[in-house]
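# What the coordinates show
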Amino acid sequence: MKRNVLALLALFLFQISLAAQTRSPLLDDWQLQSACKDTADGAAISVSSFAAQGWIKTSVPSTVLAAQVKAGLLPDPYFGDNLRKIPGTTYPIGHNFSNIAMSPDSPYACAWWYRKQFNAPVLAARDNRLWLHFGGINYRGELWINGKKIADATQIAGAYRTYDFDITESITPGKPNVIAVKTTAPTEKDLGINWVDWNPCPPDKDMGLWGAVDLVQTSPVTVRSPLATTHFPDASLNRADITVYAELHNASAGTIKGIVSGTVAGVKFEKPVELAAHEDQSVAFSPEQFPALRIQNPKLWWPRQMGDPHLEHLTVSFSTQGHITDEQSVNFGIREVTSELTANGSRLFRINGKPILIRGAGWSQDMLLRTDDNRLRSQFDLVENMNLNTIRLEGKLETEEFFHLADERGILVMLGWCCCDHWEHWKDWAPQDLAIATASLRSQMLRLRHHASLLVWLNGSDNPPVPEVEKAYLQVESETHWPNPILSSATQAPTPVTGESGVKMTGPYDYVAPSYWYYGVRYGGARGYNTETSPGPAISSLASRKLFLSDPEAWPPSADWSLHYGGGEFANLKVFDAAMEAVYARPQSAADYERMANTMEYDSERAMYEAYSKNKYTSTGVVQWMLNNAWPSMIWHLYDYFLDTGGGYFGAKKACEPLHIQYAYDDHAIDVVNSTYSEAGDLHAEVHVYGLAWNEVYKATSNITARSDSSQRVFTIPAGLYSGPERILFVDLALSGSGGKVLSHNFYWVPTTLTSFDWEGTDYTHTPASHHEDLTALTRLPAAQVDAQAETSTSAKGHEIRLRLTNKSNALAFQLRAAARTASGGLIAPVIWSDNWIELKPGESTTLTAQLPAGDPNTPTIQIDGWNVAPISLIPSTAVASR
């Protein structure tokens, strides 16, 4: 009996060892050196006896420059003008380095070697295989192991390709082995990683092992890239038809027969397969063949604003002779994404048959491609807090953790290739470029396709591919069973292959007054689907500026400031600055500039999202350019590089509230926008309009029911108010629930004569103003007195602040900002505020809450200021301060 038990246990352990694909990340103890400094060849470098004297210690993933910075060999390239001082940074300021040849004397014109010694595992079974997986090599490479060349630069080429090399015959199990990878930077004629005009490009062009490197032990047959797709046969959503796909690879020299089986959302499936020697085979399980895959009453995945982002589990395994030899599992969502053209030709997306207005922003990786999972989670917290539903990736195809978070948080991802370099210079492509581009696409399709969060793939950005390339891309997408919509580009340009895109990319990217978003529907305003647009600059706080400028309070700004603007047409902020001076005032200090800039950002970002929300589904989507920055920048972000939030962030957060009351600049309407998918009844809406002297000139109230996913007019402010004696109207809006709780509060400062636009002068950057509106009176508001009380509590999430603000005066307190700082005024970030950059009416009180970062040891100081409120500083507890 005992012998039988032991035999069964041995068999069980044998099955487990066969089933467990062993993945060992090769993270640490790498060495890095320039091939111009160490001229040994790969055969010499890749043996254990090689003396790597003077090589840089690094970890992987890491670009070459990132490794040098981490080792302290170069100054922080993000501070001041340090980047321009790094050898090889010779390209003109503001130019797109990806289109410029690297200087021959650049240290990065040389190849760079990555080297690692490791102990190879003993194979768990005689016929097991050992693979070396590369998640990203930029751009070309040679792979050597133990003195043997495994792959050359014709086999390793392409920044967005992934690689799996069978190294079984090249390693010595149980003994030291050496990997050496020779990497070379992309040229201006390569399909590299490109930063366009968002920020500078590092001088190494992000060369190196920028993706993870893993040692993987498998059986001869591997299971890769499992996928479950969903189709709903009718609008009831009571039945989901699931199709399962997986990719099999036979690494052996003989035919292997076996069973592919698995479970999807608890439903089992299996069928026999036969793989010839070295065959790749895509297997599919359809509901027509396997009726159990017609799942009744499924639990669905929804974007967070629509419901619960519920995830199911898919496991696919391969077995032979009764033993599981490989198995892969992924989380997925039962959901179906479709798209269509509306009556006005706009691209409308549906999730599980229900329309969704896309309100998103464009993402950037770190300029040196560094990763930090804690920082990534913090950024998703900020996205959720703003109530955005979509992130756009133009290139910059992020880590697995990014997509896992998007799946779990219910944030949609719009992704595709980048613009403005060889990726879109199709007329200059050599034959190998198409091969690299399609291999890159195949790698990313197979890597990403199972994620629930994926909305759409774009085969081009600023231009659609030429027909030959578009057809090749579509072929790859068909072969890899990409389950979501595909667009030819982010622009309105049609193609002879796929026709109309239904989207537009008409700008603006620089400052425009809030009313633009309502009147400029022929251009970037609220009609259709605008894939990237923005009111432009986003000036960081003094606490942030101290982290990247040596002169953060300089006025006028120094040359170092301008290095942290954009590139190309956006290398200066002259449009923004001219509007500030004309509409508000000429700033007299950096503090003046920061204050007025953030108010302008709040006002225009809010108007952009609100205009698109009011016009849904005449408008079907808007993507702010951008969400974040690759390095410290004062243009195109909703939160800055250090995760600090300013006026633009809170304007977007206000506009994208799930249940929201808002003002329209074009017709003076007050609209209630319900972005949830449930009716909201027993609502009470009210509007109060005041003149500059705080004299009430209009008020109205109404009880309403907000239909699900709707935009509906509640009031219209009388037109006569705009032709009367008032030059500025303060519009105060509130939406309350049945218990009197305020669900949405919104406050506007509206000039009775709006900016007029030179529509004929429109270019891709913006539409110029022919006459600016006048809000200069806001700089002369009477002083307001605000009392502040702050209390703090501590939990596992960190400090939570409750800040009570009361306006004790008879004057409006305008654009109050609260910030958490260290005792010395240093930045604490990210901080999740319930609201900010607010107004307090005379006698009004409000309570703001703030969640500070977990583990931050600083006792925060709360700083409060406003346009007409003297600065307040207090330490939370029961402290009270008044100014």
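Coordinates for the structure precede this section.
Keep in mind that this is a model prediction, so the values were computed, not measured. (Residues numbered from 1 in each chain as written. Predicted model: local features only at pLDDT ≥ 70, side-chain atom pairs only at ≥ 80, totals over all residues. Heavy atoms only, no water.)

### What about the overall build of the chain?
Each helix and strand in the chain was counted, giving 14 helices and 48 strands. Over its C-alpha trace the chain gives a radius of gyration of 29 Å, about what one expects of a compact globule, namely 29 Å for 883 residues. Overall, the C-alpha framework of the chain stretches about 90 × 65 × 60 Å when taken along its three principal axes. Every one of the 883 residues in the chain was classed for burial, and the buried ones make up 61%. Of the contacts made within the chain by residues no fewer than 6 positions apart, 72% connect residues no fewer than 24 positions apart. A distance of 4 Å separates the average location of the 71 positive side-chain charges in the chain from that of its 94 negative side-chain charges. (Helix = DSSP H or I, 4+ residues; strand = E, 2+ residues; numbered from the N terminus. Rg over C-alpha atoms; globule rule 2.2 N^0.38 Å. Buried < 20%, exposed > 50% of the residue type's maximum accessible area, 1.4 Å probe, protein only. Contact = heavy atoms within 4.5 Å. Lys, Arg positive; Asp, Glu negative; His and termini not counted. Charge placed at Lys NZ, Arg CZ, Asp CG, Glu CD.)

### Topic: helix α14 (residues 647–655)
Counting buried positions along α14 yields 9 of 9 residues, so the element is predominantly enclosed. If you check which residues of α14 are buried, you get Gly647, Gly648, Tyr649, Phe650, Gly651, Ala652, Lys653, Lys654 and Ala655. Among the structural elements, β24 (358–363), α5 (373–386), α13 (590–614), β31 (659–663), β37 (742–751) and β43 (832–833) are those in contact with the buried residues of α14.

### Describing the state of the cysteines
Evaluation of the coordinates by the stated rule reveals 2 disulfides. Each sulfur in the disulfide pair Cys36 and Cys110 lies 1.9 Å from the other. Residues Cys36 and Cys110 are joined through a disulfide that is left-handed, its torsion about the S-S bond being -100°. Of the two residues, Cys36 sits in the loop between β2 (30–34) and α2 (42–45) while Cys110 sits in the loop between α4 (82–85) and β5 (112–119), which places them 74 residues apart along the sequence. Cys419 shares a disulfide with Cys420; S-S distance 2.0 Å. Here Cys419 and Cys420 share a disulfide; its torsion about the S-S bond, -80°, makes the bridge left-handed. Along the chain, the cysteines that take part in disulfide bonds pair up as 1-2, 3-4, counted in sequence order. (Disulfide = S-S within 2.5 Å.)

### Quick look at the sheet that holds strand β12 (residues 213–218)
By way of backbone hydrogen bonds, the strands of a sheet pair with one another, either parallel or antiparallel. Pairing in this open sheet of 4 strands is antiparallel, and the strands run β1-β12-β6-β9 from one edge to the other. For this open sheet the edge positions go to β1 (22–25) and β9 (163–166), each flanked by a neighbour on one side alone. Geometrically, the sheet is characterised by an average inter-axis angle of 25° between neighbouring strands, direction not taken into account. Direction of pairing for strand β6 (residues 129–134) relative to β9: antiparallel, over a ladder of 4 bridges. Counted as the bridge partner of Leu132 is Phe165 from β9. (Pairing = 2+ DSSP bridges. Axes fitted to C-alpha atoms, helices over the stretch in contact; angles between N-to-C directions.)

### Here's the deal with the packing of aromatic side chains
What the rule picks out here adds up to 49 aromatic pairs. Between Tyr663 and Tyr665 the ring centres are 5.3 Å apart and the planes differ by 80°, which places this aromatic pair in the edge-to-face class. Comparing Tyr663 with Tyr665, the two get one shared label, buried. Over the ring of Phe97 we find Lys205; its NZ or CZ atom is 4.5 Å from the centre of that ring. Sitting over the face of the ring of Trp195, Lys396 holds its NZ or CZ atom 4.9 Å from the ring centroid. (Phe/Tyr/Trp six-rings, centres within 6.5 Å; stacked < 30°, edge-to-face > 60°. Lys NZ or Arg CZ within 6 Å of the ring centre and 35° of its normal.)

### Some words on the pairing of β24
Across the 6 residues of β24, 6 count as buried, placing the element largely inside the fold. As paired elements, β24 and strand β30 (residues 619–624) share 4 bridges and run parallel to each other. Among the inter-strand pairings, Arg359 is bridged to a residue of β30, identified as Val622. Examined bridge by bridge, β24 and strand β25 (residues 390–394) share 4 bridges and lie parallel to one another. Bridged to Gly362 within β25 is Arg392. With respect to chirality, the unit in which β24 leads through α5 into the neighbouring parallel β25 is right-handed. (Right-handed = clockwise from strand over helix to strand, strands pointing away.)

### Structural notes on the pattern of salt bridges
Opposite charge on two side chains allows them to pair when their charged atoms are near. If you walk through the whole model with that rule in mind, you get 35 salt bridges. Residues Glu594 and Arg545 are paired through a salt bridge, measuring 3.0 Å at the closest nitrogen-oxygen approach. Placement of Glu594 in helix α13 and of Arg545 in helix α10 (residues 542–545) is noted, with a sequence separation of 49 residues between them. Under the relative-accessibility criterion, Arg545 is labelled buried at 1%. A single salt-bridge network, built from bridges that share partners, covers Arg304, Asp381, Glu384 and Arg409. (Salt bridge = Lys/Arg side-chain N within 4 Å of Asp/Glu carboxyl O.)

### Let's talk about the side chain of Ser46
Locating Ser46 in the fold gives a position in the loop between α2 and β3 (56–58). Overall, the relative accessible area of 0% leaves Ser46 in the buried class. A polar atom in the side chain of Ser46 sits 2.6 Å from the backbone oxygen of Gly42. Once residues lying within four places of it in the same chain are set aside, the contact partners of Ser46 are Trp144, Ile145, Asn146, Gly147, Lys148, Val178 and Ala180. (Polar contact = N/O pair within 3.5 Å; in protein donor to acceptor, adjacent residues only side chain to side chain.)

### Some details on the sheet that holds strand β46 (residues 861–866)
The 4 strands lie next to each other as β44-β42-β46-β47, forming an open sheet whose pairing is antiparallel. Each of the sheet's edge strands pairs with one partner strand only, and the pair in question is β44 (838–840) and β47 (869–874). On average, each strand axis in the sheet is inclined to that of its neighbour by 25°, with strand direction left out of account.

### Side note on helix α6 (residues 400–409)
Three- or four-residue spacings in an α-helix give side chains the same orientation, since the helix completes a turn every 3.6 residues. Of the positions making up α6, those classed as buried are Phe402, Phe403, Leu405, Ala406, Asp407 and Arg409. Phi turns positive one or two residues past the end of α6, at Gly410, with a value near 75°.

Remember that the coordinates give geometry; whether it matters functionally is a separate question.
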